[in-house]
Amino acid sequence: MNPHAKLISTLSLILGTTITISSNHWMMAWTGLEINTLAIIPLISKPHHPRAIEAMIKYFLVQATASALLLFSSMSNAWATGQWDITQLTHPTSCLLLTTAIAMKLGLVPFHFWFPEVLQGSPMITALLLSTAMKFPPITILFLTSHSLNPTLLTTMAIASATLGGWMGLNQTQIRKILAFSSISHMGWMAIIIIYNPNLTLLTFYLYTLMTATVFLSFNTTKALKLTTMMTSWTKTPMLNATLMLTLLSLAGLPPLTGFLPKWLITQELTKQEMTTAATTMAILSLLGLFFYLRLAYYSTITLPPNTTNHMKQWHTSKTTNTVVALLASLTILLLPLSPMILTTI
């Protein structure tokens, strides 16, 4: 890809995100989302492969529909109340339309169908952007309008997302699809708590971004795209693969690691809100995700395939591990003891 085109796309992504997260007016928020969508499209279609073009078209159609719904929601609210301020969303139909639009942008169930396909058709770094940076503006809009959203609808969507994200990830062999269903499941955890404690949703999103970035960058270094190539990737960077195992367990939410913090806090908050059934359901559903994370961790470090493969065995590559990956991995594994300090910020 032309360096100038890549620079323009990257700057447009930063500009679109900044406009959306700093705006009070619905039209400015919508403009930022549109800039974001148009900026990521060249990055998705960069490989000039039929699958990449298909992913780009699916992404464009879904995001255009979601943006149109968001615009319609804000206009109907302005028509009923005379308010264009994001925090003044009070009209019931507008709230319902907005929830639908944001669910489409985030890939919440039942609007999740596009997300695994688009991630599978994108390069690894673009898939990382789609899973993290592109979800920040919609999460911000949910954060600003959290006081006027429908609790029953969001809780239903959240539990459905956690269920489907765990269930569909079980039989996948493509790493990007597994991470897509993992993302859907994590979005469910964020959606269930947004009304009761919006700051906790943002904390969960930041930690999710940290862990997902570590996983994607690790896979980008080892060039592993599916489980069969992951089995033999330990010969390239043994130390990185050992760290990747801990990162995956952190993403699963196992206690001594960073990923346990958001799940612990969300379960605690739901219990405080007398939503014990929802908290128990979410905790049980996280076991589904734990299964495929354990499978990934097992493949990443412990096994060689029991049968002969067509992959040439490679020994250590000359490429050293990126410092950024090392820093992110350290944070992903070791942040839990700092939780009292983190809690003072929310």
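Analysis parameters
Residues numbered from 1 in each chain as written. Predicted model: local features only at pLDDT ≥ 70, side-chain atom pairs only at ≥ 80, totals over all residues. Heavy atoms only, no water. UniProt positions renumbered as here; feature names shortened; annotations may be inferred. 1 Å grid on protein atoms, 1.4 Å probe; cavity = no way out; pocket = protein on both sides within 12 Å on 5 of 7 lines; lining within 4 Å. Points joined across faces, edges and corners; volume = space filled by probe spheres on them. Helix = DSSP H or I, 4+ residues; strand = E, 2+ residues; numbered from the N terminus. Nonpolar A, V, L, I, M, F, W, Y, C, P; charged D, E, K, R; others polar.

The chain is annotated in an unreviewed UniProt entry as NADH-ubiquinone oxidoreductase chain 2 of Geopelia cuneata. On record in UniProt, under Function (unreviewed entry), the comment for the chain is "Core subunit of the mitochondrial membrane respiratory chain NADH dehydrogenase (Complex I) which catalyzes electron transfer from NADH through the respiratory chain, using ubiquinone as an electron acceptor. Essential for the catalytic activity and assembly of complex I." In its Subcellular location (unreviewed entry) section, the UniProt record describing the chain reads: "Mitochondrion inner membrane".

Caption draft 1: Structural view of the layout of surface pockets. Space inside the largest pocket adds up to approximately 310 Å³. The wall of the largest pocket is formed by 17 residues, among which L13, L129, T132, A133 and M134 lie closest to the centre. Taken together, the elements giving at least two residues each to the lining of the largest pocket come down to helix 1 (3-22), helix 6 (124-131) and helix 10 (198-222). It is helix 1 that provides the largest number of residues to the lining of the largest pocket, a total of five residues. Broken down by class, the residue content of the lining of the largest pocket amounts to 10 nonpolar, five polar and two charged. Here the second largest pocket defines a volume of roughly 170 Å³. What lines the second largest pocket is simply W189, A252, G253, L254, P255, F260, K263, T267, A283, S286, L287 and L290. Looking at the lining of the second largest pocket, the elements that each hand over two or more residues are helix 13 (260-272) and helix 14 (276-301). For the lining of the second largest pocket, a count of residues per class yields eight nonpolar, three polar and one charged.

Caption draft 2: Inspection of the UniProt feature "transmembrane region" (unreviewed entry) in the chain at higher detail. Those places that UniProt annotates as "transmembrane region" (unreviewed entry) correspond, in this numbering, to residues 56-76, 96-115, 152-171, 178-196, 202-219, 239-258, 278-299 and 320-343. From the first C-alpha to the last, residues 96-115 spans 22 Å; its make-up is 65% helix and 0% strand. When the span residues 278-299 is considered, its composition is 100% helix and 0% strand, and the gap between its end C-alpha atoms is 32 Å.

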